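The primary structure of each chain is shown beneath.
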Amino acid sequence: MLDSINHPPMSFTSKGGTLLSLQGCELSATLLDGVLIKYADFNALSNAQLEQILSQLGSEQVIVRSSCSQEDCSKQSNAGKFESVAKISTAEALRHAIERVFASYQEHLSPDEVVFIQPQLNNVSHCGVVFSCIPDSGAPYLVISESNDGHTDTVTAGESNQIITHYLAAPKYACPRHQTLWQLTQQLKQIFPDVELDIEFAFVEQQAQPVLLQVRPLIVASSAAKVPFEQALQDIETKLKQLFKPHPYLSGQRSVLGVMPDWNPAEIIGLRPKPMALSLYKDLITDSTWAYQRNNYGYKNLRSFPLMVDLKGLPYIDVRTSFNSFIPNDLPAALADKLVDYYLNRLISNPSFHDKVEFDIVLSCYSLDIEQGMAGLKAAGFSELECQTLAISLRNLTNRIIDPRSGLWIQDLHRIEKLKQRQAIVNQQIDDPQQRIYWLLEDCKRYGTLPFAGLARAGFIAVQLLQSLVNEEVMSAAQYQQYLLSLQTVSGQLSKDFNQLDKEHFLAKYGHLRPGTYDINSPRYDVAPEQYFDWNAPPEEPAKPNSFQLEAEQYQKLHTLLEQHGINHSVDSFFHFIGSAIEGREFAKFVFTQSLSDAIEDIAKLGEQYHFSREDMAYADINVIRNFIGNAENPAQALSQSIAQGKQKQQLAQQLNLPALICNAEDIYHFQLLASEPNFITHGSATGQVCDASVLEDLKGKIVCIPSADPGFDWLFAKGIAGLITEFGGCNSHMAIRANELGLPAIIGAGQALYQQWSKAKRLHIDCANKKVTIHA
């Protein structure tokens, strides 16, 4: 518990005035001396008086800082708007620096405006900014953005790639430096009790306390709701400690939770989905469907294990369970245990791989470059026999999946076709909305998401095999792109149909799509077509790509490789599988989302029947509605209770901020934004103004930033955008495939830290070939 400091509450004045008024306070910080100079007095100052100021501050160099009345207000901070001039050592230089800072005030300059002169700070080890809460939600976290490049304005200017942002919910697990900042913030909040704070600090080498450089009001978008925040964290900590224990039916001594591995909820439903979206995703995918599919395809049986964990409204993948599900079911138990522990430790050591675990960590299928993966295992201590056992098991499993005659992916394609028939039956022959919702979702699971999960696995294997052709120098990276461009996916067809079909027929085919597939508040294409498409100015139809063909020498090399590796395919049937699997995955997604989208519309209609709005129904749990078919419960009362509980849960979720990857229970109290390795799509480049997808009117030629994107965001490609950046997503995700098809420069899965930096820029240059992003403004 922090002791109260003996100082009455204060009010903010100017930057310099506030710092000077804090000089007598007992703070866990050093405050530098300073001199305020008023503009009305400045011209009358002689060089001797300026020399006296330099002498008074007792430093070889000083800094002239802005302290304008328009800075640090309760409604706007104007941070960085006015100049400061550093490293001043002579009276003449000091005069010029003061003139320059006053000049930066422009129309705000008046006789009463001041500048603030302080000693120049040297030997800075860490510097940055502390927010006393999260600005966009008011959530009670200390947000520390800091750099160790030695420049005190790095963080405020946002000019360094070395800025690291930390979140603290409690100081107990923080490093000593951050514990000191926590203590300082609490002290300042006692002095300025009615506002949240924006604090600038610097640590000088070999000093434990920070130098306080600035404190001002923090502009907060919304005040934090009263929620049981500390209790929620304690409950999550307890749950994590249980999950991280060994389990008799699982390989791996511990677990890790993540928002992006496997069925990546961050990309599909977001970090804080409303209860309807969260419960739909659990019901259709992560409770059991995912495990049935893996086991059907020859992997370990995990049918009783849910994949996704709900941490007070924040969805996470149980990575240990996920990694177990990639173990072939005929692998010896001892080797399975060793593999899962290796995979988990590798992820913990390389957290930036969290959105690409199947490419960079897990060996879940056989490929023509399998020796690269085996080399990594051998370096980690796996024996030759263990590697050979795994390789044989993966080859047998992969051959069964991709078999040109009896492969499971072929059966899954047929099952998807059956769903289309059942959609018509349900919509035409079932009138009761409760029954219709139930059967749309039941059919969606059995004939939609289950075969889609299989086709998604086949599609992943197809991409792995295709990439192995580049790694084994059968084909070039350019040919890899050319092959993907030659595929005929649903998304590619959408662009063609937008140019060729009239509005009625286009919406009849694609009208069920919506941005945010599981979001009841997101309008479908056929509900708000003008929001997504400009029917009077369709974009130019993409040029038809050249047909893909291997040279004779490449064909023969691949034929030899397939024989050497025991892959039961000819070259032609091999490419037929790759193309069919990638196209089939997108087709299955398109079909099953019709059932889901129709069910969501019926859920909204059911709500209207009992006087609940669409927004209200977003807070209901789908299981409450599904249960109506088997009980005589009063729907209005059940929905009212579910909605009230959902709103309460969502209110709490909005205040919780957890790390993208949770490796230890204490991570929830102190973590930093995870740096990812972005997936650069195509070898193209783009320069343009940065905007988000909410700017619907004019996206042409702009680089669009969105946290995540599912097929419902395909309307973006009809807007003529120059480039695309997503916070979440993998190189095998829908948007990556779509950008490849169109040759659109894109960064899919930039990660939290880089996305935050790039999305706030005004103008960017994306160079995908060199994997480089330049901020122009």
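Residues numbered from 1 in each chain as written. Predicted model: local features only at pLDDT ≥ 70, side-chain atom pairs only at ≥ 80, totals over all residues. Heavy atoms only, no water.

A. View of the environment of Leu 562. With respect to the helices, strands and loops of the structure, Leu 562 is situated in helix H22 (residues 552–565). On the accessibility criterion, Leu 562 (2% relative accessible area) is buried. Distance from Leu 562 to Ile 98, taken between C-alpha atoms, is 74 Å for residues 464 residues apart in sequence. The residues contacting Leu 562, other than those within four sequence positions of it, are Leu 368, Ile 567, His 569, Ser 570, Val 571 and Phe 574. (Helix = DSSP H or I, 4+ residues; strand = E, 2+ residues; numbered from the N terminus. Buried < 20%, exposed > 50% of the residue type's maximum accessible area, 1.4 Å probe, protein only. Contact = heavy atoms within 4.5 Å.)

B. Representation of the pairing of strand E12 (residues 314–318) within the structure. Counting buried positions along E12 gives five out of five residues, so the element sits mostly inside the fold. In E12, alternate side chains face the same way, and those of Leu 314, Tyr 316 and Asp 318 on one face and Pro 315 and Ile 317 on the other are all buried. One ladder, built from two bridges, connects strand E10 (residues 257–258) with E12; its direction is antiparallel. Across the sheet, Leu 257 pairs through a bridge with Asp 318, a residue of E12. Here strand E11 (residues 308–311) runs beside E12; their pairing, made up of four bridges, is antiparallel. The partner of Asp 310 across the bridge, within E12, is Pro 315. Hairpin connection, E11 to E12: the antiparallel pair is bridged by two residues, and Lys 312 has positive phi, about 55°. (Pairing = 2+ DSSP bridges.)

C. Up close: the sheet that holds strand E2 (residues 62–67). If you walk across this open sheet you meet the four strands as E1-E4-E2-E3, and the pairing is antiparallel. Edge positions in the sheet fall to strand E1 (35–38) and strand E3 (85–88), since each of these pairs with one other strand and no more. Within the sheet, the average angular offset between the axes of one strand and its neighbour, ignoring direction, is 25°. In this structure, E1 lies alongside strand E4 (residues 114–119), joined through four bridges in antiparallel fashion. Residue pairing across strands places Val 35 opposite Ile 117, the latter belonging to E4. (Axes fitted to C-alpha atoms, helices over the stretch in contact; angles between N-to-C directions.)

D. Molecular detail of the packing of aromatic side chains. Within this structure, the stated rule accounts for 34 aromatic pairs. With a centroid separation of 5.3 Å and 85° between ring planes, the pair formed by Tyr 141 and Phe 229 is classed as edge-to-face. Note that Tyr 141 is positioned in the loop between strand E5 (124–131) and strand E6 (142–147) and Phe 229 in helix H7 (residues 229–243), a separation of 88 residues in sequence. Taking relative accessible area as the criterion, Tyr 141 reaches 1% and is therefore assigned buried. Taking 5.0 Å as the distance between ring centres and 40° as the angle between the ring planes, the aromatic pair formed by Phe 506 and Tyr 510 counts as tilted. Of this pair, Phe 506 and Tyr 510 both sit in helix H20 (residues 503–510), four residues apart, roughly one helical turn. Both residues of the pair, Phe 506 and Tyr 510, count as buried. Put simply, the rings of Phe 498, Phe 506, Tyr 510, Tyr 525, Tyr 532, Phe 533, Trp 535 and Phe 590 touch in pairs and so form one group of aromatic residues. Arg 254 extends its terminal NZ or CZ atom over the ring of Phe 244, reaching a point 5.9 Å from the ring centre. For Lys 338, the ring lying beneath its charged end belongs to Phe 382, and the centroid distance is 4.7 Å. (Phe/Tyr/Trp six-rings, centres within 6.5 Å; stacked < 30°, edge-to-face > 60°. Lys NZ or Arg CZ within 6 Å of the ring centre and 35° of its normal.)

E. How the structure looks around the pairing of E6. Buried residues dominate E6, accounting for six of its six residues. Here E6 shows no split at all, with Leu 142, Ile 144 and Glu 146 on one side and Val 143, Ser 145 and Ser 147 on the other all buried.

F. Representation of the sheet that holds strand E8 (residues 197–204). Strand order in this open sheet of six strands is E9-E8-E5-E6-E7-E14, and the pairing throughout is antiparallel. Every interior strand has two partners, whereas the edge strands, strand E9 (211–217) and strand E14 (670–672), have only one. For this sheet the average axis-to-axis angle between neighbouring strands, irrespective of direction, equals 20°. Across the sheet, helix H6 (residues 176–191) lies against E5, E6, strand E7 (164–168), E8, E9 and E14, angled at about 140° from E8, the strand it touches most.

G. Spotlight on the pattern of salt bridges. On inspection of all chains with the given rule, the structure shows 32 salt bridges. When the shortest N-O distance is used, the salt bridge between Lys 15 and Glu 71 registers 3.5 Å. With Lys 15 in helix H1 (residues 15–21) and Glu 71 in the loop between E2 and E3, this residue pair connects regions lying 56 residues apart in the sequence. The class for Lys 15 is buried, based on a relative accessible area of 6%. On the basis of relative accessibility, which here comes to 4%, the residue Glu 71 falls in the buried class. (Salt bridge = Lys/Arg side-chain N within 4 Å of Asp/Glu carboxyl O.)

H. The arrangement of the nonpolar core in detail. Among the nonpolar cores identified, the biggest contains 153 residues, and Tyr 141, Phe 323, Tyr 518, Leu 558, Phe 575, Phe 577 and Ile 625 are the most heavily contacted of them. Of the residues forming this core, the biggest block, 17 residues, is contributed by helix H17 (residues 433–471). If we ignore the near neighbours within four places in the chain, the residues touching Ile 625 are Met 276, Ile 437, Ile 603, Leu 606, Met 617 and Leu 639. (Core = buried A, V, L, I, M, F, W, Y, C linked by side-chain atoms within 4.5 Å.)

I. Layout of unusual backbone geometry. Even without glycine at this site, Glu 473 takes up a positive phi of about 60°. Here Glu 473 lies in the loop between H17 and helix H18 (477–485). By relative accessible area, which is 63% here, Glu 473 ends up exposed. For His 611, which is not glycine, the phi dihedral falls at a positive 70°.

J. Looking closely at the confidence of the model for the protein chain. Confidence in the prediction for the protein chain averages 90 pLDDT; 94% of positions are at 70 or higher. The secondary structure element of the protein chain with the lowest average pLDDT is helix H5 (residues 154–157), at 48, and the one with the highest is helix H11 (residues 319–324), at 98. Counted against residues more than four places away or in other chains, residues 156–160, with its pLDDT under 50, gives eight contacts. (pLDDT = per-residue confidence, 0-100.)

K. Focus on the environment of Glu 83. Structurally, Glu 83 can be placed in the loop between E2 and E3. A residue is classified by how much of its surface remains accessible, and Glu 83, at 31% relative accessible area, is partly exposed. Through-space distance from the C-alpha of Glu 83 to that of Arg 65 is 7.1 Å; in sequence the pair is 18 residues apart. Dropping the residues within four chain positions of it, Glu 83 is found in contact with Arg 65, Ser 66, Arg 100, Val 101 and Ser 104.

L. The packing of helix H16 (residues 408–429) against H17, seen in detail. The contact between H16 and H17 brings their axes to 9 Å, and the two run at 160°. Between H16 and H17, the interaxial angle falls into the category roughly antiparallel. Taken as a pair, H16 and H17 cross one another with a handedness that is left-handed. For the contact of H16 with H17, the residue count by class is 13 nonpolar, three polar and seven charged. (Parallel < 35°, antiparallel > 145°, perpendicular 65-115°, else oblique. Left-handed = near helix turned anticlockwise from the far one by under 90°. Nonpolar A, V, L, I, M, F, W, Y, C, P; charged D, E, K, R; others polar.)

M. Region of interest: H7. Spanning 15 residues, H7 covers 21 Å between terminal C-alpha atoms, matching the ideal 21 Å at 1.5 Å per step. Within H7, burial applies to Phe 229, Ala 232, Leu 233, Ile 236, Glu 237, Leu 240 and Leu 243. One side of H7 holds all its buried residues, which, seen down the axis, span an arc of 140°. (Expected span 1.5 Å × (residues − 1). Arc of directions from axis to C-beta.)

N. Structural context of helix H3 (residues 47–57). Along H3, the residues that are buried comprise Leu 50, Ile 53, Leu 54 and Leu 57. One side of H3 holds all its buried residues, which, seen down the axis, span an arc of 95°. Those residues of H3 that are exposed and angled more than 90 degrees off the buried face are Ala 48, Gln 52, Ser 55 and Gln 56. Packed against the buried residues of H3 are E1, E2, E3, helix H4 (91–103) and E4.

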